[in-house]
Amino acid sequence: MRKRIACALLVCAALLSGCKRAAEPVKFTTFAMDTVMDITLYGQDSDKTAAVYETLTAQISALDSALSVTGEDSDIARINRGSGAPVEVAPGTAQLLSQALELCRVTEGALDITAYPAVKAWGFTVGEHRVPSKEELAALAADIDYAAVQLEGDAVALPDGMELDLGAVAKGCAGDILAREVRDSDISSALLDLGQSTIVAVGAKPGGQPWRIGVVDPAQPGTYFAVVELEDMAMGTSGGYQRYFEQDGAIYWHILDPRTAAPARAGLASVTVVSPSALVCDGLSTALFVMGLDEGAQFWRDHPELEFEAIFVAENGEIYCTAGLEGRFSLAEGYEAREVVVLE
Ligand code: AMP
Ligand code: MG
């Protein structure tokens with residue numbers, strides 16, 4: 001995540017002219033959380049829509065400053081420098097930590113927000129990639145343990161040497177917060193694209209049809225292999241294609257298996273999660289990628305309370321989709337001949 005936030009209001013016809021026309025889209029692009037975010041708001045009242053735009057940009061900026069792992073003064077950086085002592089953080093950060101730790105628990109550590117030293121060792125934070133030795137990885141894996149994070153009220157303590165990284169859940173958290181703000185305003189239709197495949201659909205499209213969101217083909221990241229229809233729903237994808245490097249003919253991606261501190265190789269190329277909660281989408285897409293197809297499908301069967309559905313793409317190109325997506329999931333043009341296995 002970077003400190004710098006660049007906001008550009010791209011389409012804002014009704015706002016700028018001051019006229020009040022129904023359902024004029026307001027689109028803006030923001031750089032935050034190390035990614036480009038595209039927000040589209042359809043409001044009936046241009047003044048209110050402008051106010052919502054102002055609030056959203058302020059909230060994105062505040063979240064970026066609080067959660068950035070690289071920002072000097074962020075809550076996360078201060079926790080990581082805490083050397084075992086409790087560090088006071090903003091109530092919102094403590095709440096996100098609590099929710100993220102719950103996802104770590106329920107996924108039995110497939111998601112582990114203390115993987116940061118390993119993420120750094122592979123060079124993913126600054127883009128200076130390297131392959132750590134077996135001994136280094138064993139030592140890094142031994143220190144990954146979300147259960148060691150102590151959260152009491154708004155105070156967080158981490159054992160010396162451990163470090164947090166909310167990269168696997170921060171965009172989802174932002175999606176839920178922004179969607180709540182939009183729903184609390186008079187805006188009944190909005191699309192919040194938080195970059196790197198975290199999307200929240202607020203309501204339906206202005207005409208009443210569901211939003212149609214493409215799912216990236218991990219084998220050809222420039223194209224979509226499927227379309228999911230979303231209405232008041234979030235979607236998040238994790239995949240090895242999103243961030244990786246190549247060395248000596250091998251590919252190393254950014255999603256690590258906390259048990260080995262090495263890239264998770266469970267046979268999957270990507271996992272997409274659909275849920276009313278963007279945080280669940282973000283956290284579980286990372287966790288299910290680590291678990292792999294069989295364990296991930298069983299996790300879906302075992303956790304109906306998390307209200308999610310999933311699409312798995314295996315490294316061999318096979319496509320699997322959980323039964324609850326039937327009617328909302330379809331193959332994209334050019335992919336109609338592909339087989340989709342429905343998981344029950
Ligand atoms: P995502 O793109 O949401 O799947 O999150 C991946 C990011 O989360 C990586 O870039 C790392 O910063 C971090 N990360 C990698 N592996 C894990 C893991 N198993 N649990 C939690 N965070 C992880
Ligand atoms: Mg994630």
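The structure displayed is predicted, hence computed values, not measured ones.

A. Highlighting the packing of helix 2 (residues 46-67) against helix 7 (residues 170-184). Contact pair helix 2 / helix 7: the axes reach a minimum separation of 10 Å and the direction vectors enclose 155°. Here helix 2 is positioned roughly antiparallel relative to helix 7, judged by the angle of their axes. Of the two possible hands of crossing, helix 2 and helix 7 adopt the one that is right-handed. Listed contacts from helix 7 to Val-52, Thr-55, Leu-56, Gln-59, Ile-60, Leu-63 and Leu-67 of helix 2 are Ala-170, Cys-173, Ala-174, Ile-177, Leu-178, Glu-181 and Val-182. Across the contact of helix 2 with helix 7, the residue classes break down as eleven nonpolar, two polar and one charged.

B. Spotlight on the pairing of strand 9 (residues 211-217). The buried fraction of strand 9 is high, at five of seven residues. Where strand 9 and strand 10 (residues 220-230) come together, seven bridges link them in antiparallel fashion. Of the residues in strand 10, the one forming a bridge with Ile-213 is Val-228. As consecutive antiparallel partners, strand 9 and strand 10 are separated by two residues.

C. View of the pattern of salt bridges. Applying the stated criterion to the full structure yields eight salt bridges. Here Asp-257 makes a salt bridge to Arg-259, at a shortest N to O gap of 2.9 Å. On the accessibility criterion, Asp-257 (11% relative accessible area) is buried.

D. Seen up close, helix 9 (residues 293-302). All of the buried residues along helix 9 are Leu-293, Gly-296, Ala-297, Phe-299 and Trp-300. Seen from one end, helix 9 has its buried residues packed into an arc of 155°, which puts them on one side. Elements that come into contact with the buried residues of helix 9 comprise helix 4 (91-106), strand 16 (268-275), helix 8 (278-291), strand 17 (309-314), strand 18 (319-322) and strand 20 (340-343).

E. Summary view of the packing of aromatic side chains. Applying the stated rule across the entire model yields nine aromatic pairs. With a centroid separation of 5.7 Å and 50° between ring planes, the pair formed by Phe-124 and Phe-245 is classed as tilted. Remark: Phe-245 occurs in strand 12 (residues 244-247) and Phe-124 occurs in the loop between helix 5 (116-121) and helix 6 (134-142); sequence separation between them is 121 residues. In this pair, the class of Phe-124 matches that of Phe-245, namely buried. Counting every residue linked through ring pairs, the aromatic cluster contains Trp-122, Phe-124, Phe-245 and Tyr-252. A cation sits over an aromatic face here: Arg-265 above Trp-253, 5.0 Å from the ring centre.

F. Examining the coordination of the magnesium ion (ligand 2) more closely. Protein coordination of the magnesium ion (ligand 2) is provided by Ala-168 (O), Asp-282 (O), Asp-282 (OD) and Thr-286 (OG1), with donor distances spanning 2.1 to 2.4 Å. When the donor residues of the magnesium ion (ligand 2) are listed from N- to C-terminus, their spacing reads A-x113-D-x3-T. Taken together, the positions of Ala-168 in the loop between strand 6 (155-157) and helix 7 and Asp-282 in helix 8 put the pair 114 residues apart, joining distant regions of the chain.

G. Focus on the site of ligand 1. Taken together, 15 residues sit near ligand 1, with Asp-165, Ser-238, Leu-256, Asp-282 and Thr-286 positioned nearest. At a separation of 2.5 Å, an oxygen atom of ligand 1 approaches a polar side-chain atom of Asp-165. Contacts to ligand 1 include Ala-168, whose backbone N or O atom sits 3.3 Å from an oxygen atom. If ligand 1 stood free it would expose 500 Å²; the protein chains cover 94% of that surface. Ranked by residue count, the leading element in the shell around ligand 1 is helix 8, at three residues. Partitioned by chemical class, the residues of the shell around ligand 1 number eight nonpolar, four polar and three charged.

H. Spatial organisation of the sheet that holds strand 10. The strand order across the open sheet built from three strands is 9-10-19, with neighbouring strands paired in antiparallel fashion. For this open sheet the edge positions go to strand 9 and strand 19 (329-331), each flanked by a neighbour on one side alone. When the angles between neighbouring strand axes are averaged without regard to direction, this sheet yields 35°.

I. Spatial organisation of the nonpolar core. The biggest cluster of nonpolar side chains holds 95 residues, and the ones touching the most others in it are Leu-41, Leu-166, Leu-192 and Phe-308. When residues in this core are grouped by element, the largest group, ten residues, is from helix 8. Grouped together as the second largest cluster of nonpolar side chains are 23 residues, Trp-211, Val-227, Met-235 and Phe-329 included.

J. Structural view of the packing of helix 7 against helix 8. At a minimum axis separation of 7 Å, helix 7 and helix 8 run at an interaxial angle of 170°. In this view, helix 7 runs roughly antiparallel relative to helix 8, as classed from their interaxial angle. Across the interface between the two elements, Ala-170, Lys-171, Gly-172, Cys-173, Gly-175 and Asp-176 from helix 7 touch Ala-278, Leu-279 and Asp-282 from helix 8. A breakdown of the residues in the contact of helix 7 with helix 8 according to their chemical character gives four nonpolar, two polar and three charged.

K. View of the sheet that holds strand 6. Spatially, the three strands line up as an open sheet ordered 4-6-5, and their pairing is antiparallel. What marks the edges here is a single partner per strand, and that holds for strand 4 (87-88) and strand 5 (150-152).

L. Layout of the environment of Leu-325. Within the secondary structure, Leu-325 is located in the loop between strand 18 and strand 19. Judged by relative accessible area, Leu-325 falls into the buried class, the value being 0%. Along the chain, Leu-325 and Ile-311 lie 14 residues apart, while their C-alpha atoms are 8.6 Å from each other.

Definitions and cut-offs
- Residues numbered from 1 in each chain as written.
- Chains lettered and ligands numbered in written order.
- Predicted model: local features only at pLDDT ≥ 70, side-chain atom pairs only at ≥ 80, totals over all residues.
- Heavy atoms only, no water.
- Axes fitted to C-alpha atoms, helices over the stretch in contact; angles between N-to-C directions.
- Helix = DSSP H or I, 4+ residues; strand = E, 2+ residues; numbered from the N terminus.
- Parallel < 35°, antiparallel > 145°, perpendicular 65-115°, else oblique.
- Left-handed = near helix turned anticlockwise from the far one by under 90°.
- Contact = heavy atoms within 4.5 Å.
- Nonpolar A, V, L, I, M, F, W, Y, C, P; charged D, E, K, R; others polar.
- Buried < 20%, exposed > 50% of the residue type's maximum accessible area, 1.4 Å probe, protein only.
- Pairing = 2+ DSSP bridges.
- Salt bridge = Lys/Arg side-chain N within 4 Å of Asp/Glu carboxyl O.
- Arc of directions from axis to C-beta.
- Phe/Tyr/Trp six-rings, centres within 6.5 Å; stacked < 30°, edge-to-face > 60°.
- Lys NZ or Arg CZ within 6 Å of the ring centre and 35° of its normal.
- Donors = N, O, S within 2.8 Å, 3.2 Å for Na, K, Ca; no water.
- Near = heavy atom within 4 Å.
- Polar contact = N/O pair within 3.5 Å; in protein donor to acceptor, adjacent residues only side chain to side chain.
- Areas by Shrake-Rupley, 256 points an atom, 1.4 Å probe, with all protein chains shown as cover.
- Core = buried A, V, L, I, M, F, W, Y, C linked by side-chain atoms within 4.5 Å.

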